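# Coordinates in review
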Amino acid sequence: MWSVYLDTNPMRAPVVRTLGLVSRRAYLGPLAPLRARQIRHTELPGKKWVRVRNAMAGISGGDVALALLRRDRHVSPLALPRQSRIYLGREVCGEVVDVGADVEFLRIGDRVAYQLDQCCATREIEPPCRHCAAGYYNRCENRYLPGQQAIGGGWGDEMIVHERQLFLVPDALSDEQAALLEPAAAALHAVLRSQPQPGEQVLVIGAGTLGLLTTQVIRALTPHADITVQARYSFQAEMASNLGAAHILSAADGSADVARYTGARRFSRPLGSEMLVGGFDAIYDTVGTDDSLQSALRWVRAGGTVVLAGAHLAPMRLDMTPIWHQEVRLLGALEHGTERWPGNAAPAGWQADGAGRVSTFALAAALLRERRLTPQRLITHRFPLREVRRAVEVARDKAEHKAIKVLLDIRDVPNLPLDELEMVEDQLEPPHPQLAPAPFGGPAPSTQPAPPSRPGRA
Ligand SMILES: [Zn+2]
């Protein structure tokens, strides 16, 4: 089996960054951390593990940022333990081709999407931590314990994962839709961190995949919200309008334009600061830079909500005064987990569990099945797996290529090895040390996150 990964050897980054001053090609060149690996020893590492033959995989902004070393070592997540290899491709669907002896929820031939990284369920820790017990595997306190990791990711012909990492894809969804369940669920989670009310003025900052899917989700769950999207490029603005944005802000638009549109009053001083009284009721920042978050904090009304969904691995320097001076609520959003049932906006025939909760992935799949979310409309480019480097370039240079969502088509592609990437051949990693006991076991036994369930079950 072949898989594309990042070599996290700390010696690579400074060398590549230095060469990158001369040419951007260094980031995808022979010394770059992006590598391909043939894994010859491919036995399942546990009785609840499965092998998946991949069909379709997306290139996410996170993948591109990792490959291009877009990170500052001073941000706290970089203190976490890292594998020597990070397999790329979390937006992926495929078919189960091998199952361990104790696999409960999946069968050979099932179509699955990658849902989650390691958490209490995949580490078989009972009782689970308090977050997993509540369905928030994205906050798992045991996520970074040593232990078996997935072998391979979406950017490869196969991956070997714990069965609880997977979501059983309903038959009604195509492979492309299934591969885009992950970003759709991430957008759904961001919106459900604070769902807009009918009639509210909402701004989505950013019109890449996450921003456009966030726009779709708001339109699906709160059809009468008034949605503005700030888009950097005209092709993104056009797509945002097609997906339900009533108004578009360009990257050059500022607080005066926001004041005009929302009816806010604007105050400013020459060579000084500016402030709006009034503004958007809610703002979803899907970019996550200093500039975007600063705009969000200044353009939201007093008592309004800013959801920070864009992930940017760099410290920020910001005027945070709106948080106390205007009592602005700032919420973060990471991946997906469990949602409170969105009431009347819920898909037909689906119900929450007894506690009013539903898995984000299941809800996203139901909205796709009802065509209320159509992430496949964002696909602009498809490449065979062997052209993965070209695919990353297109996703990186999105303005030049008018790229929104770039997919790798892995069906009928036995023509590996991959072009243009240095190959290494080696064996599976050595066995990992024994797991430590769960430090924060919750009192209630729980099956969360929801195991892969047959279609038709909530
Ligand atoms: Zn946990």
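In this report, the structure presented in the accompanying data block is examined. Note that the structure is a prediction, hence the values are computed from the model and not measured. (Residues numbered from 1 in each chain as written. Predicted model: local features only at pLDDT ≥ 70, side-chain atom pairs only at ≥ 80, totals over all residues.)

Counting residues in each nonpolar core, the largest one holds 113 residues, and the members touching the most others are V112, A113, L181, A184, I283 and A364. Among the elements that line this core, the one with the most residues is helix α6 (residues 181–192), at nine residues. Structurally, this core is a two-domain feature, drawing no fewer than three residues from each of domain 1 (2–180 + 378–447) and domain 2 (194–332). The next biggest cluster of nonpolar side chains, apart from the first, holds 10 residues, and it includes A121, C129, C132 and C140. (Core = buried A, V, L, I, M, F, W, Y, C linked by C-beta atoms within 7 Å. Buried ≥ 20, exposed ≤ 12 C-beta atoms within 10 Å, placed from the backbone. Helix = DSSP H or I, 4+ residues; strand = E, 2+ residues; numbered from the N terminus. Domains from an automatic or database assignment.)

It is worth spelling out the sheet that holds strand β11 (residues 247–250) at this point. Consider a sheet: its strands pair through backbone hydrogen bonds, and that pairing is either parallel or antiparallel. On the basis of which strands lie adjacent, the open sheet formed by six strands has the order β11-β10-β9-β14-β15-β16 and parallel pairing. Pairing within the sheet leaves two strands with one partner each, and these edge strands are β11 and β16 (329–332). Pairs of neighbouring strands in the sheet enclose a mean axial angle of 20 degrees, with direction left out of account. In terms of strand pairing, strand β9 (residues 201–205) meets strand β10 (residues 226–231) through five bridges, oriented parallel. Counterpart to I205 in the pairing with β10 is Q230. The sheet contacts of helix α7 (residues 209–221) involve β9, β10 and β14 (280–285), and relative to β10 the element is tilted by about 175 degrees. (Pairing = 2+ DSSP bridges. Axes fitted to C-alpha atoms, helices over the stretch in contact; angles between N-to-C directions. Contact = placed C-beta atoms within 7 Å.)

Here we come to the packing of α6 against helix α12 (residues 360–369). Their axes nearest at 9 Å, the elements α6 and α12 cross at an angle of 110 degrees. Considering the angle they form, α6 stands roughly perpendicular to α12. Between α6 and α12, the residues in contact are L181, A184, A185, L188 and H189 and T360, F361, L363, A364, A365 and L368, respectively. Among the residues making up the contact of α6 with α12, the classes are represented as nine nonpolar, two polar and no charged. (Parallel < 35°, antiparallel > 145°, perpendicular 65-115°, else oblique. Nonpolar A, V, L, I, M, F, W, Y, C, P; charged D, E, K, R; others polar.)

It is worth spelling out the environment of G89 at this point. Tracing the backbone through its elements, the reader meets G89 in the loop between β4 (85–87) and β5 (92–99). Classification of G89 by C-beta neighbours within 10 Å gives buried; the count is 27. When the C-alpha positions of G89 and S60 are compared, they lie 7.7 Å apart, and in sequence the two are 29 residues distant. Apart from residues lying up to four places away in sequence, G89 is in contact with A57, D63, G153, G154 and W155.

Turning to α6, a few remarks are in order. Taking 1.5 Å per residue, 12 residues should reach 16 Å; α6 reaches 16 Å between its end C-alpha atoms and fits that length. When you tally the buried positions in α6, you get 12 out of 12 residues, the bulk of the element. Listing the buried residues of α6 in full gives L181, E182, P183, A184, A185, A186, A187, L188, H189, A190, V191 and L192. (Expected span 1.5 Å × (residues − 1).)

A few words now on unusual backbone geometry. Omega for the peptide link from E126 to P127 comes to -5 degrees, which places this bond in the cis form. On the secondary structure map, P127 appears in the loop between α3 (120–123) and α4 (130–133). Its identity is not glycine, yet L69 carries a phi of approximately 60 degrees, on the positive side. Within the fold, L69 resides in the loop between α2 (61–67) and β4. By C-beta crowding, L69 is classed as partly exposed, having 18 other C-beta atoms within 10 Å. A positive phi is found at E335, a non-glycine position, where the angle reads about 55 degrees. Secondary-structure assignment places E335 in the loop between β16 and β17 (338–340). For E335, a count of 20 C-beta atoms within 10 Å translates into the label buried.

Here helix α8 (residues 234–242) has its buried residues at Q236, M239 and A240. Burial along α8 is one-sided: seen end-on, the buried residues are contained in an arc of 100 degrees. Among the exposed residues of α8, those pointing more than 90 degrees away from its buried face are S234 and N242. In this fold, the buried residues of α8 make contact with α7, β10 and β11. G244 sits one or two positions beyond α8 and adopts a positive phi of about 120 degrees. (Arc of directions from axis to C-beta.)

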